[in-house]
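# Coordinate inspection notes
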Amino acid sequence: MDSETILKVAFQGFFLFAVFSLLLSWILPKLGELLTSWKISGHATNINLEDSHIKEQFKTQEVVNRQRIQQQYDSRAAEYNQNILLPRDEEKRRKKEEEFLRFLGPTWKGNGFSLGGGDSDRTNEDLMALPHSRRAAHRRIVQENINQEVAAAAEAAAKYKRRPKRVITLPEEPDPEELGVITILLRTPIGTTCTRRFYSTHQVQCLLDFITTQGFSQRKYTISTSYPRRLLDDPESCLADFDFGRRVVLNIEEKE
């Protein structure tokens, strides 16, 4: 083999080696980027799976917490209904029933009671032993001192009417930025509201005077907190005794 052929073969080998080196230098970075993207995508998939699992746990815990809070609220509502509303409604029903029976008269309540007269000293057992006509006559007897009692009641009513009427004078409404000022929003039985500011040192009587100026007489209406229900029935107590804070919502309700 002559020198020219050797040079030609050597040149071809060198050319192939250069081409192969260029291909490797181009392919290897691409392979590295591809492998890196595969790793990142796999890691992102794991992160997404973990995030979805955490979100699912959070939703489950949120549902459990809501159910627990709802159960606590239902329990408190049932307790309030059992301890406050039901006894109050039962007391109102009993009073209305007594007024109804009092209106009908004692005869409608059964054996009735003695009104006085010659048989006033008789016991119920003695009356039951009497004939029906005698028992009826006994119940028709009017007390001997009935006129004196009626006259005394009329005199007491007249004295109450003659007493001097109290003139309501409300204290000046304080500025809302002052210390010790309470903003009180009152919900009325007719669905309206009225608002006024008082000092915490003011007495409950000032609040009662205010509702009187709004058309709700102190003799028929009172003031109470919402929950737990608490009556403000002591006119001489201070508003600071109730720890209302700077703003409170109270109810005007009819006296029982």
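Residues numbered from 1 in each chain as written. Predicted model: local features only at pLDDT ≥ 70, side-chain atom pairs only at ≥ 80, totals over all residues. Heavy atoms only, no water.

By the naming in an unreviewed UniProt entry, the protein chain goes by UBX domain-containing protein and is assigned to Lymnaea stagnalis.

### Comments concerning the packing of aromatic side chains
Keep this limit in mind: Under the pairing criterion, centres of Phe, Tyr and Trp rings, with the six-membered ring standing for Trp, must be within 6.5 Å; the plane angle then separates stacked pairs below 30 degrees from edge-to-face pairs above 60, leaving the rest tilted. Remark: a charge is flagged as sitting over a ring if the NZ atom of Lys or the CZ atom of Arg is within 6 Å of the ring centre and within 35 degrees of the ring normal.
As enumerated under the stated definition, the model contains four aromatic pairs in all. When the centroid spacing of 5.4 Å and the interplanar angle of 10° are considered together, the rings of Phe242 and Phe244 count as stacked. One cation-aromatic arrangement involves Arg196 over Phe198; the distance from NZ or CZ to the ring centre is 5.1 Å.

### Focus on the nonpolar core
Rules: We define a nonpolar core as any set of buried Ala, Val, Leu, Ile, Met, Phe, Trp, Tyr and Cys residues linked to one another through side-chain atoms lying within 4.5 Å. Relative accessibility thresholds used throughout: buried, under 20% of the residue-type maximum; exposed, over 50%; partly exposed, between the two (1.4 Å probe, protein chains only). Only DSSP runs of H or I covering at least 4 residues are called helices, and only runs of E covering at least 2 are called strands; the numbering of each starts at the N terminus.
Core analysis: the biggest nonpolar cluster contains 20 residues, and Ile184, Leu186, Leu207 and Leu250 have the highest contact counts within it. Among the elements of the structure, strand S1 (181-187), strand S2 (193-199), helix H5 (204-213) and strand S4 (247-254) are those that each provide at least two residues to this core. Ranked by residues supplied to this core, first place goes to H5 with six residues.

### Some words on the sheet that holds S1
Rule in force here: Between any two strands, at least two bridges found by DSSP are needed for them to pair. Every angle, taken between N-to-C directions, lies between 0 and 180 degrees, and every axis is a line fitted to C-alpha atoms, over only the stretch in contact when it is a helix. Any two residues whose heavy atoms approach within 4.5 Å at even a single point are treated as in contact.
Across the sheet, which stays open at both edges, the four strands sit in the order S2-S1-S4-S3 with mixed pairing between neighbours. Each edge of the open sheet is held by one strand with a lone partner, namely S2 and strand S3 (221-224). Within this sheet the neighbouring strands show an average axis-to-axis angle of 30°, counted without direction. With five bridges connecting them, S1 and S4 associate as parallel partners. Its bridge partner lying in S4, Leu186 is registered against Leu250. Sheet strands touched by H5: S1, S2, S3 and S4. Its angle to S2, the strand with the most contacts, is close to 150°.

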